Amino acid sequence: MTRMDLLKTLDEWDKKGVWVFKMRDFYLLFSKENPQIIKAALARHEKSGLIERICKGVYANPRALSKERVNDVLAYVSNYIRDKGLSYLSLETVLSEKNVISQIPFRYTFISKLQSAEFNTPYGTIEYTKSKRDARTFLKNCYFDKERDIWVANKNQAIADAYAFNRAVDLIEERGVI
């Protein structure tokens, strides 16, 4: 994949509002090329600054104009790290948004059906905490936020999650919310 191939692809995607992409997108797009060559090309293009690495296998187009049209960049990026239906925004992030705690978190905190992980991206930190809740009830007390394009816990679920994972419990109790 040449520099011109990459720029052409990134510009086409940008026109469609796509500025974050996965390595597998390039495997599909350049399916006739050896995957190792694509991987090496992406590493080379990252080093030159044409793309930026968000995490393993996920990249962003730093020149993208469509990025400016996104309301919540970190939420947008989170959809490329984990699939939408497998996680929801909760814990300190939602507790702060719902004024349950006064502190403003420096990261987005999600509950996930997949393993716990933390991703330090160029756009901020995204943390996933694994839940053992049944898949059928996983999103029960959540709503889909169309503006951010993610699932979000309601206030009561965020409080329940905080107690289940022993997170920000002292801050909740300090405010006397419960």
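The coordinates are above.
Residues numbered from 1 in each chain as written. Predicted model: local features only at pLDDT ≥ 70, side-chain atom pairs only at ≥ 80, totals over all residues. Heavy atoms only, no water.

J.: With reference to specific residues and values, describe the packing of aromatic side chains.
T.: Summed over all chains, the structure comprises 13 aromatic pairs. Between the aromatic rings of Trp 19 and Tyr 123, the centroid separation amounts to 5.5 Å while the plane-to-plane angle is 75 degrees, which identifies the pairing as edge-to-face. With a gap of 104 residues between them, Trp 19 in the loop between helix H1 (3-15) and strand S1 (20-22) and Tyr 123 in the loop between strand S6 (117-121) and strand S7 (124-130) connect regions that are remote in the sequence. Residue classification places Trp 19 among the buried residues on the basis of a relative accessible area of 0%. Taking 6.3 Å as the distance between ring centres and 65 degrees as the angle between the ring planes, the aromatic pair formed by Tyr 108 and Phe 110 counts as edge-to-face. The two residues Tyr 108 and Phe 110 agree in class, both being buried. Here a set of aromatic residues connected by ring pairs shows up, and it is made of Trp 13, Phe 21, Phe 26, Phe 30 and Tyr 59. Taking NZ or CZ as reference, Lys 67 lies 5.5 Å from the ring centre of Trp 19, over its face. Above the plane of the ring of Tyr 128 lies Arg 82, whose end atom (NZ or CZ) is 4.3 Å from the centre. (Phe/Tyr/Trp six-rings, centres within 6.5 Å; stacked < 30°, edge-to-face > 60°. Helix = DSSP H or I, 4+ residues; strand = E, 2+ residues; numbered from the N terminus. Buried < 20%, exposed > 50% of the residue type's maximum accessible area, 1.4 Å probe, protein only. Lys NZ or Arg CZ within 6 Å of the ring centre and 35° of its normal.)

J.: Explain empty space enclosed by the protein to me, using residue names and the numbers behind them.
T.: Throughout the structure, instances matching the rule amount to one cavity of 30 Å³ or more. As for the largest cavity, its lining consists of Ser 78, Asn 79, Arg 82, Lys 84, Ser 87, Phe 110, Tyr 128, Ile 150 and Trp 151. Secondary structure elements with two or more residues in the lining of the largest cavity: helix H4 (73-81) and strand S9 (150-153). Among the residues making up the lining of the largest cavity, the classes are represented as four nonpolar, three polar and two charged. (1 Å grid on protein atoms, 1.4 Å probe; cavity = no way out; pocket = protein on both sides within 12 Å on 5 of 7 lines; lining within 4 Å. Points joined across faces, edges and corners; volume = space filled by probe spheres on them. Nonpolar A, V, L, I, M, F, W, Y, C, P; charged D, E, K, R; others polar.)

J.: Break down the sheet that holds S1 for me, with residues and values.
T.: An order of S1-S3-S2 is seen for the three strands of this open sheet, with the pairing classed as antiparallel. The open sheet has two free edges, formed respectively by S1 and strand S2 (52-55), since each of these has just one partner strand. Ignoring strand direction, the axes of neighbouring strands in this sheet form an average angle of 35 degrees. The strands touched by H4 are S1, S2 and strand S3 (58-60); relative to S1, the strand with the most contacts, the crossing angle is about 10 degrees. (Pairing = 2+ DSSP bridges. Axes fitted to C-alpha atoms, helices over the stretch in contact; angles between N-to-C directions. Contact = heavy atoms within 4.5 Å.)

J.: Give me the lowdown on the nonpolar core, citing residues and values where you can.
T.: Val 20, Ile 54, Ile 81 and Leu 95 are the most contacted members of the largest nonpolar core, which totals 38 residues. Ranked by residues supplied to this core, first place goes to H4 with six residues. (Core = buried A, V, L, I, M, F, W, Y, C linked by side-chain atoms within 4.5 Å.)

J.: Requested: an account of the pairing of strand S5 (residues 107-112), with residues and values cited.
T.: Of all six residues in S5, six are buried; the element is thus mostly enclosed. Where strand S4 (residues 87-89) and S5 come together, three bridges link them in antiparallel fashion. Along S5, the bridge assignment pairs Leu 89 with Phe 110.

J.: I'd like to hear about H1, residue by residue, with values.
T.: Look at H1: 18 Å from first C-alpha to last across 13 residues, which is about the 18 Å you get at 1.5 Å a residue. Listed as buried for H1 are Leu 6, Leu 7, Thr 9, Leu 10, Trp 13 and Asp 14. Around the axis of H1, the buried residues are gathered within 165 degrees of arc, so they sit on the same side. The exposed residues of H1 that point more than 90 degrees off its buried face are Met 4, Lys 8 and Lys 15. The secondary structure elements touched by the buried residues of H1 are S1, helix H2 (23-29) and helix H3 (35-48). Phi turns positive one or two residues past the end of H1, at Gly 17, with a value near 85 degrees. (Expected span 1.5 Å × (residues − 1). Arc of directions from axis to C-beta.)

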